[in-house]
Amino acid sequence: PEGSPKPSPTPPDKPYVRIKDTPTGWLKVRSEPSSAKGDETVLAKVDPGEMFPYLDEEENGWYKIEYEEGEEGWVSGVYSDLVE
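Quick notes on the rules
- Residues numbered from 1 in each chain as written.
- Predicted model: local features only at pLDDT ≥ 70, side-chain atom pairs only at ≥ 80, totals over all residues.
- Heavy atoms only, no water.
- Helix = DSSP H or I, 4+ residues; strand = E, 2+ residues; numbered from the N terminus.
- Contact = heavy atoms within 4.5 Å.
- Areas by Shrake-Rupley, 256 points an atom, 1.4 Å probe, with all protein chains shown as cover.
- Core = buried A, V, L, I, M, F, W, Y, C linked by side-chain atoms within 4.5 Å.
- Buried < 20%, exposed > 50% of the residue type's maximum accessible area, 1.4 Å probe, protein only.
- Salt bridge = Lys/Arg side-chain N within 4 Å of Asp/Glu carboxyl O.
- Patch = residues over 30% accessible without salt bridge, like charges linked within 9 Å, V, L, I, M, F, W, Y side chains within 5 Å.
- Lys, Arg positive; Asp, Glu negative; His and termini not counted.
- Charge placed at Lys NZ, Arg CZ, Asp CG, Glu CD.
- Phe/Tyr/Trp six-rings, centres within 6.5 Å; stacked < 30°, edge-to-face > 60°.
- Lys NZ or Arg CZ within 6 Å of the ring centre and 35° of its normal.

### Re the overall build of the chain
Here is step 1: For the chain, the count of helices and strands is zero helices and seven strands.
Here is step 2: Order of helices (α) and strands (β) in the chain, N terminus to C terminus: β-β-β-β-β-β-β.
Here is step 3: Expressed as a percentage of contacts within the chain between residues at least 6 apart in sequence, the contacts between residues at least 24 apart total 53%.
Here is step 4: Accessible surface, the chain as shown: approximately 5,600 Å² in total, 44% of it carbon and sulfur.

### Regarding the nonpolar core
Soluble globular proteins: nonpolar side chains tend toward being buried together.
Here is step 1: Residues Val17, Ile19, Leu27, Val29, Ala44, Val46, Phe52, Tyr63, Ile65, Tyr67 and Val75 constitute the largest nonpolar core, which totals 11 residues.
Here is step 2: Where this core is concerned, the elements lending two or more residues are strand E1 (16-19), strand E2 (27-30), strand E3 (42-46) and strand E5 (62-68).
Here is step 3: In terms of residues, this core owes the most to one element, E5, which gives three residues.
Here is step 4: Apart from the residues within four sequence positions on either side, Leu27 is in contact with Ile19, Thr22, Ala44, Lys45, Val46, Val75, Ser76 and Tyr79.

### A closer look at the pattern of salt bridges
Here is step 1: Tallied over the full model, the rule gives three salt bridges.
Here is step 2: A salt bridge links Glu72 to Lys64; the shortest N-O distance between them is 3.3 Å.
Here is step 3: Its relative accessible area of 44% is what places Glu72 among the partly exposed residues.
Here is step 4: Looking at Lys64, the relative accessible area reads 22%, which means it is partly exposed.

### Quick notes on a negative patch on the surface
Here is step 1: Together, Asp56, Glu57, Glu58, Glu59 and Glu84 make up a negatively charged patch on the protein surface.
Here is step 2: By secondary structure assignment, the location of Glu57 is in strand E4 (residues 51-57).
Here is step 3: Taking the relative accessible area as the measure of exposure, Glu57 reaches 38% and is therefore partly exposed.

### Topic: unusual backbone geometry
Here is step 1: Omega for the peptide link from Lys14 to Pro15 comes to -5°, which places this bond in the cis form.
Here is step 2: Here Pro15 shows up in the segment before E1.

### Re the side chain of Thr41
Here is step 1: By the secondary structure assignment, Thr41 is in the loop between E2 and E3.
Here is step 2: Take Thr41: its relative accessible area is 2%, and that puts it in the buried class.

### Regarding the packing of aromatic side chains
Here is step 1: Considering all chains together, one arrives at one aromatic pair under this definition.
Here is step 2: Centroid distance Tyr54 to Tyr63: 6.1 Å. Interplanar angle 70°. Geometry classified as edge-to-face.
Here is step 3: For Tyr54, a relative accessible area of 22% corresponds to the partly exposed category.
Here is step 4: Positioned over the ring face of Trp26 is Lys45, at 3.9 Å from the centre of the ring.

See below:
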């Protein structure tokens, strides 16, 4: 049927963050650059292969991304790559 294969997404302008494969098949976007507080900091889930505008970086390896228009959050650098 029409529209089933998704066209490959166009990457945002560099630098951007690309989500890598994860053991769960998705990655949590958090309100702070740490998983210490558990699920209360989870804002959203993103999928491997998705690409998001890069906003900032913490020394502990977390990347700040814009995961939806006007919505910002942090993803673990273990499961994401910065593309410059």
